[in-house]
Amino acid sequence: MSNKYRTHNCNELRKEHVGSNIVLSGWINKKRDHGNLLFIDLRDNYGITQCIIDKENSNFKELEKIQLETVIKIEGKVVNRSNETINKEIKTGEIEVGIKKYKVLGTCKELPLPVFSDQEYAEEIRLKYRFLDLRRKKIHENIILRSEVISFIRNEMSKLGFLEFQTPILTSSSPEGARDFLVPSRLNPGKFYALPQAPQQFKQLIMVSGFDRYFQIAPCFRDEDARADRSPGEFYQLDLEMSFVEQEDVFSVVEELLVSTFKKFSSKKLLFNKFPKITYKEAMLKYGSDKPDLRNPLIIFDITEIFSRKDVSFEIFKKLVKTGSMVRCIVTKNTKDKPRSFFDNIDNWAKDQGASGLAYFTLEKEKELLAKGPIGKFFSKDSLEEIMKLTGAEIGDSVFLACSKQKDLEKITSLARDKIAQELDLIDNEIFAFCWVIDYPMFERDEITNKIEFSHNPFSMPQGEIEKINFSKPLDILAYQYDIVCNGVELSSGAIRNHIPELMYKLFSVAGYSEKIVNEKFSGMINALSYGAPPHGGIAPGIDRIVMLLANEKNIREVTMFPMNQNAQDLMMNAPSNVSDKQLKELNISLKSKK
RNA sequence: GGGGGUGUAGCUCAGUUGGUUAGAGCGAUCGCCUGUCACGCGAUAGGUCGAGGGUUCGAGUCCCUUCACUCCCGCCA
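Along each chain, numbering runs from 1 in the same order as the chain's sequence is written. Here the convention is simple: chains get letters from A, ligands get numbers from 1, in the order in which they are written. For this predicted model, a pLDDT threshold of at least 70 governs which residues receive local features, and a threshold of 80 or more governs which side-chain atom pairs are given and counted, while totals over whole chains, interfaces and linings are taken from all residues. Water and hydrogen atoms were dropped before computing side-chain values, which therefore reflect all heavy atoms in the structure.

(A) The packing of helix α4 (residues 137–159) against helix α15 (residues 543–550), seen in detail. In this analysis, axes come from line fits to C-alpha atoms, helices being fitted only over the stretch in contact, and the angle between any two N-to-C directions falls in the range 0 to 180 degrees. Labels follow the DSSP assignment, with helices taken as runs of H or I lasting at least four residues and strands as runs of E lasting at least two, numbered in each case from the N terminus. For the pair α4 and α15, interaxial distance at closest approach is 10 Å and the crossing angle is 120 degrees. Relative to α15, the element α4 is oriented oblique. Where α4 crosses over α15, the handedness of that crossing is right-handed. Two secondary-structure elements touch here, α4 through Asn142, Leu145, Arg146, Val149, Ile150 and Ile153 and α15 through Ile543, Asp544, Ile546, Val547 and Leu550. Residues are grouped as follows: Ala, Val, Leu, Ile, Met, Phe, Trp, Tyr, Cys and Pro are nonpolar; Asp, Glu, Lys and Arg are charged; every other residue, Gly included, is polar. For the contact of α4 with α15, a count of residues per class yields eight nonpolar, one polar and two charged. Each angle is binned into one of four classes, with values under 35 degrees roughly parallel, values over 145 roughly antiparallel, values of 65 to 115 roughly perpendicular, and all other values oblique. Less than a right angle of anticlockwise turn of the near helix away from the far helix marks a crossing as left-handed, whereas a clockwise turn marks it as right-handed. The contact criterion used throughout is that any non-hydrogen atoms of two residues lie within 4.5 Å.

So this is what it looks like as structure tokens:
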């Protein structure tokens, strides 16, 4: 493409263009002014071309004064660079453009943050001037990567026989799950739409409508507090759903897709091409978390039984165990020679995390097996042998122990597993370790209210033969509910859905919802399921997190073009903002207090 | 809602035990410089030390309150 702005882009010119007259347009990335000779690095989306002008040219004085990031058009001639002046860092580094004429296309004020630098800047300023920030190399490339990943996924999904559909953005609020974003309805005063937390019900309705395989790069809106890996407001999922499938069918589609995506867009190795399956229960025991980082070789062991032995005299733990606490431990290989500070640092760190600390000892053999460390003396030789049997620990290894009630114990051992692995540098940053976490429980008991609640998704299919499910023991019911985890990041969750209305009423009644309420809140769904629904299931991998892993970023805002800050404000667009009284009146809304 | 961290020039940061007129690099402005690619050299401008209060002869520094940003917990079916 050649027009009045350019004959080439800023990454196109090579040796073979030497001698030709060309037109380039772009931003002034950097100037190097030698007084009688001026270098200008002209930048566009594609790259950088060095342009040069000297005092013989009448434009020289003006160009010397021009601000960085001004958009200009340059007419000139491609010239060869001598060997010593070739720049191998850029693709156009063998040539430069001798400037004949130039024109300013867009002026630029003094910059609030430099564009050409690789330095890190405060997010507040980056988000306020996001359009400048996005010109910077790294984030510019991240956003391009995101585009390429999405278009690759679209293409793959299409090849796999999935059809892409859009679903409504204005929908109804649902009682389960996260806090909704609400939108007042002008035509229905006092009533509200909700933005979808996910197209969950719609995608099931698509299956009931007879479309066999659906996908969508779907925006999801949840009004919850932010984290580094969680944008406030909105995020994107690769939402997909399939009819007449079992869990394994969903797994094989998603594995194929993720393996090809990660192989295409990253040089890091996949630890498993076939993702291992870990049950929820096993994950909580061995890793203390339902999003285990399998790059980390450390495993948590339950050794509660040791503390009912007579030859163990660690009374603090023994007393706690009698009142229902458990003891779990992490074994580190060959750490007997680590300095005392290593152990104490971890102990102190655990205290900072709100735990009572991490007790530890090291297994050593002098005349006979013994435990060294502050609590070593409380363990007999036999009890140590039993611990070694339970955990696979060997002489020279150290054992870190925590004692608490199950939930706190899981949390602290999970954190400790990460912390200790970091301290010992056990995590290989150059791999992706995927796994499935399966067999989630259908229900859980709320610790505060003591009520039975859905633990994940109320629309999931319970496991086992439907006639034989024991609803009087709801906590034992498992669901066909699954997550994909990669490097400790929860990438997606999905389920085989419950397509049988009677069964759904039963499950909802366990969680305290009457048939009437279910009919009211999920009328669309429950009604649809009563008119011939196919068995179906799906999953929804998070696009932002996938790109985050591929771009090797720890913060989701580094792969999001226009993110909000932690307080869900858009500093560039000034959202949220006040609205006029007229708007409020139309919506039949009055504010309690106005600022 | 709770805990941690940060806040000093347009940007990135330094600032000792509380002690004179708060510094550096980049950027800006002006001058010098024809082969740089983080060009170099010289000069100038630029500060409510986040805000408010307190202690003190004296506060960027100590104390209290508060605000903003960020990380974490809660929350996120």
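So that's the structure; there's more coming.
(B) Fine view of the protein's contact with RNA strand B. We call a residue near a molecule or strand whenever a single non-hydrogen atom of that residue lies within 4 Å of it. In the vicinity of RNA strand B, 51 residues are found, and the nearest of them are Asp33, Asn36, Arg230, His456 and Asn567. A share of 53% is what sugar and phosphate atoms reach among the atoms of RNA strand B within 4 Å of the protein. Take Asn87: an N or O atom from its side chain is 2.8 Å from a base oxygen of RNA strand B. Polar contacts here mean pairs of N or O atoms no more than 3.5 Å apart (in protein, one a potential hydrogen donor and the other a potential acceptor; neighbouring residues in sequence count only if both atoms are side-chain atoms). At 2.7 Å, a side-chain N or O of Glu96 approaches a base nitrogen of RNA strand B.

(C) Main features of the nonpolar core. For the purposes of this section, nonpolar cores are sets of buried Ala, Val, Leu, Ile, Met, Phe, Trp, Tyr and Cys residues that join through side-chain atoms within 4.5 Å. Burial classification: accessible surface area is computed with a 1.4 Å probe over protein chains only, and a residue below 20% of its type maximum counts as buried, one above 50% as exposed, and the rest as partly exposed. Formed by 65 residues in total, the largest nonpolar core has its most connected members in Leu238, Leu240, Phe262, Phe434, Trp436 and Leu491. Of the residues forming this core, the biggest block, nine residues, is contributed by helix α6 (residues 247–265). The contacts of Phe262, once residues within four sequence positions are left out, are Leu270, Phe432, Phe434, Leu491, Ile546, Leu549 and Leu550. Counting 24 residues, the second-largest nonpolar core is a separate cluster that includes Ala359, Ile375, Leu384 and Cys403.

(D) A look at empty space enclosed by the protein. A cavity here means a set of 1 Å grid points, computed over protein atoms only, where a 1.4 Å probe fits but cannot escape. A pocket is an open set with protein on both sides within 12 Å along at least 5 of 7 lines, and lining residues have an atom within 4 Å of a point. Grid points are joined across faces, edges and corners, and a volume is the space filled by probe spheres set on the points. Within the structure shown, the criterion is met by three cavities of 30 Å³ or more. Taken as a whole, the largest cavity spans an internal volume of roughly 40 Å³. Forming the walls of the largest cavity are Leu127, Arg130, Phe562, Pro563, Asp570, Leu571 and Met572. Looking at the lining of the largest cavity residue by residue, the class counts come to five nonpolar, no polar and two charged.

(E) Geometry of the pattern of salt bridges. Take a side-chain nitrogen of Lys or Arg and a carboxyl oxygen of Asp or Glu: if they are within 4 Å of each other, that pair is a salt bridge. Taken as a whole, this structure holds 39 salt bridges when the rule is applied. Where Glu69 meets Arg43, a salt bridge forms, and the shortest distance between an N and an O atom there is 2.9 Å. On the criterion of sequence distance, the pair formed by Glu69 in the loop between α1 (60–65) and β4 (71–80) and Arg43 in strand β2 (residues 37–43) is long-range, its members being 26 residues apart. With respect to burial, Glu69 and Arg43 carry one shared label: buried. Across the salt bridge formed by Lys333 and Glu394, the nearest N and O atoms sit 3.4 Å from each other. Of this pair, Lys333 sits in the loop between β14 (326–332) and α9 (340–352) while Glu394 sits in the loop between α10 (381–391) and β17 (398–404); the two residues are 61 residues apart in sequence, bridging distant segments of the chain. Judged by its relative accessible area of 47%, Lys333 falls in the partly exposed class. Residue class for Glu394 comes out partly exposed when judged on its relative accessible area of 48%. Taken together, the shared-partner salt bridges in this structure form one network comprising Arg126, Arg130, Asp133, Arg136 and Glu558.

(F) Spotlight on the sheet that holds strand β16 (residues 369–372). Pairing between strands is defined by DSSP: at least two bridges between them are needed. Judged by pairing direction, the sheet is antiparallel, and its five strands sit side by side in the order β13-β14-β17-β15-β16 without closing on themselves. Looking at which strands have only one partner, the edges of the open sheet turn out to be β13 (300–302) and β16. Taking the axes of each pair of neighbouring strands and ignoring which way they run, one obtains an average angle of 30 degrees across the sheet. As paired strands, strand β15 (residues 359–365) and β17 are joined by four bridges and run antiparallel to one another. Directly across from Tyr360, in β17, lies its bridge partner Phe400. Packed onto the sheet, helix α8 (residues 315–322) meets β14, β15 and β17 and runs at close to 45 degrees relative to β17. Contacting β13, β14, β15 and β16, α10 crosses the sheet at an angle of about 85 degrees to β16.

(G) Representation of the sheet that holds strand β1 (residues 21–33) within the structure. Strand order in the closed barrel formed by five strands is β1-β2-β3-β5-β4, and the pairing between neighbours is mixed. The mean inter-strand angle of the sheet, taken between neighbouring strand axes irrespective of direction, is 55 degrees. Two strands pair when backbone bridges link them, and β4 and strand β5 (residues 95–106) are joined in this way by 10 bridges, in the antiparallel orientation. When the bridges of β5 are listed, Glu75 appears paired with Lys101.

(H) Spatial organisation of helix α5 (residues 200–208). Those residues of α5 not exposed but buried are Gln200, Lys203, Gln204, Ile206 and Met207. Looking straight down α5, one finds that the buried residues subtend no more than 150 degrees of arc, so they occupy a single side. Where the residues of α5 are buried, they touch β9 (213–222), β10 (233–243), α14 (523–529) and β24 (536–539). Downstream of α5 by a residue or two, Gly210 has a phi angle that is positive, lying close to 95 degrees. Directions are taken from the helix axis to each C-beta atom, and the arc is the one they span.

(I) How the structure looks around the pairing of β15. For β15, the tally of buried residues reaches six of seven residues, placing the bulk of the element in the interior. Here β15 runs beside β16; their pairing, made up of four bridges, is antiparallel. Pairing of Thr362 across the sheet is with Lys372, part of β16. Between β15 and β16, which pair antiparallel and follow one another directly, the connecting turn spans three residues.

(J) Seen up close, the layout of surface pockets. Estimated volume of the second largest pocket: approximately 1,100 Å³. In this structure, the second largest pocket is lined by 34 residues; those nearest its centre are Phe181, Met564, Ala568, Ala575 and Pro576. Sorting the residues of the lining of the second largest pocket by element identifies β7 (182–184) and β10 as the ones contributing at least two each. The element contributing the most residues to the lining of the second largest pocket is β10, with four residues. Looking at the lining of the second largest pocket residue by residue, the class counts come to 23 nonpolar, six polar and five charged.

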